[in-house]
Protein chains: 2
Amino acid sequence: MEIELLNNKKISYKLQQQLTMLYKELNAELRQLSLEEILQEPEGIDIACCFDNDQVVGIAMMANYKVISGHKGMVEDVVVFEKYRGQGLGRKLMEKLLNCAIERKLDEVLLFSGHHRTTAINLYKSLGFKLKNSGLYVKKLV
Amino acid sequence: MEIELLNNKKISYKLQQQLTMLYKELNAELRQLSLEEILQEPEGIDIACCFDNDQVVGIAMMANYKVISGHKGMVEDVVVFEKYRGQGLGRKLMEKLLNCAIERKLDEVLLFSGHHRTTAINLYKSLGFKLKNSGLYVKKLV
């Protein structure tokens, strides 16, 4: 099992297909952006991927952006394939992203997690994330 | 009172100073990024600014980023100078950003707001934002 950062050179048709299937299984209605689209601005994103031989079994990504209150990372789309859960892969993916955050000299890293996702929340807390007294509000445009 | 989108050409020493003072008043400990730093990647951000003559009286910004689950906008650092509140300037700033979101063809716009900030929350809800059943988790790196 290997954790790697993806870049443009590592994107293949096969990898894209594997990811499309993985996310479709999670949420069939989700509009998915392709890796190619996401990596158009490689400075804006880090994508950590876990491979079992040449099969993707988990992925997590962190976009980064600059506003007056700091240079921030936003972790999104963290997923580990069901039969590979419970082996600490989520932690390894997150640790890889946190290393990227340090290298990019980010001020802070944010993420959102459903209140019912206790396993994920325990992982985030053990990595030093703290729950803020704030609500997340979303306006869909499509 | 005029709402304008900022770009590199509109940044002046005077404007930067006004903003620094405005955010310092809100949170003296905040590390602030300069407008110049933020606007290094103009495609990554929209900054709506409200001027009374040449005085900044309110500001709001929206960074945008691409992940597999979509091209998203994140609204941050929304502030209206105290004596200018209650005049609908926050709404005008947000509407300006939502227009930018449509022009950029974003899939959704996110923001977080402290649970106690009822005036702001009512504004966001009236603009079509919905509270998600998720917690915001933050890890500070500095």
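Here, the structure is the one placed above.
From a predicted model like this one, the values you see are computed outputs, not experimental measurements.

Novice: Could you give an account of the overall build of chain A, with specific residues and numbers?
Specialist: When helices and strands are tallied, chain A shows four helices and six strands. For chain A, the sequential pattern of α-helices and β-strands runs β-α-α-β-β-β-α-β-α-β. Projected onto its principal axes, the C-alpha coordinates of chain A cover approximately 40 × 35 × 30 Å. The buried share of chain A, reckoned over its 142 residues, is 50%. Long-range pairs, those at least 24 residues apart, make up 56% of the contacts in chain A between residues at least 6 apart in sequence.

Novice: Quick rundown of the pattern of salt bridges? Include the residues and the values.
Specialist: Any two side chains of opposite charge can pair, so long as their charged atoms come close to each other. In this structure the tally under the stated criterion is 16 salt bridges over all chains. Between Asp54(A) and Lys14(A) there is a salt bridge, with its nearest N and O atoms 2.5 Å apart. Within this pair, whereas Asp54(A) is found in the loop between β2 (45–52) and β3 (55–67), its partner Lys14(A) is found in helix α1 (residues 13–26), the two being separated by 40 residues in sequence. A salt bridge links Lys72(B) to Glu108(B); the shortest N-O distance between them is 3.6 Å. Of the two residues, Lys72(B) is situated in strand β4 (residues 70–80) and Glu108(B) in strand β5 (residues 108–114); the sequence distance between them amounts to 36 residues. Residue classification places Lys72(B) among the buried residues on the basis of a relative accessible area of 6%. Since its relative accessible area comes to 10%, Glu108(B) is described here as buried.

Novice: Outline the side chain of Glu76(A), listing residues and values.
Specialist: Summarising the element assignment, Glu76(A) is placed in strand β4 (residues 70–80). Every residue in contact with Glu76(A), bar those within four places of it in the chain, is listed here: Ala60(A), Met61(A), Tyr65(B), Val67(B), Ser69(B), Lys72(B) and Leu110(B).

Novice: Summarise helix α3 (residues 89–103) of chain B; cite the residues concerned and give the values.
Specialist: A rise of 1.5 Å per residue sets the reference length of α3(B), with its 15 residues, at 21 Å; its end C-alpha atoms lie 21 Å apart and thus fit the reference within 8%. All of the buried residues along α3(B) are Leu89(B), Gly90(B), Leu93(B), Met94(B), Leu97(B), Leu98(B), Cys100(B) and Ala101(B).

Novice: Can you break down the packing of aromatic side chains residue by residue, with the values?
Specialist: Residues and elements named next belong to chain B. Evaluation of the coordinates by the stated rule reveals four aromatic pairs over all chains. Here tyrosine 124 and phenylalanine 129 contribute two aromatic rings whose centre-to-centre distance is 6.1 Å and whose plane-to-plane angle is 65°, an arrangement assigned as edge-to-face. Residue classification places tyrosine 124 among the buried residues on the basis of a relative accessible area of 5%.

Criteria and thresholds
- Residues numbered from 1 in each chain as written.
- Chains lettered and ligands numbered in written order.
- Predicted model: local features only at pLDDT ≥ 70, side-chain atom pairs only at ≥ 80, totals over all residues.
- Heavy atoms only, no water.
- Helix = DSSP H or I, 4+ residues; strand = E, 2+ residues; numbered from the N terminus.
- Buried < 20%, exposed > 50% of the residue type's maximum accessible area, 1.4 Å probe, protein only.
- Contact = heavy atoms within 4.5 Å.
- Salt bridge = Lys/Arg side-chain N within 4 Å of Asp/Glu carboxyl O.
- Expected span 1.5 Å × (residues − 1).
- Phe/Tyr/Trp six-rings, centres within 6.5 Å; stacked < 30°, edge-to-face > 60°.

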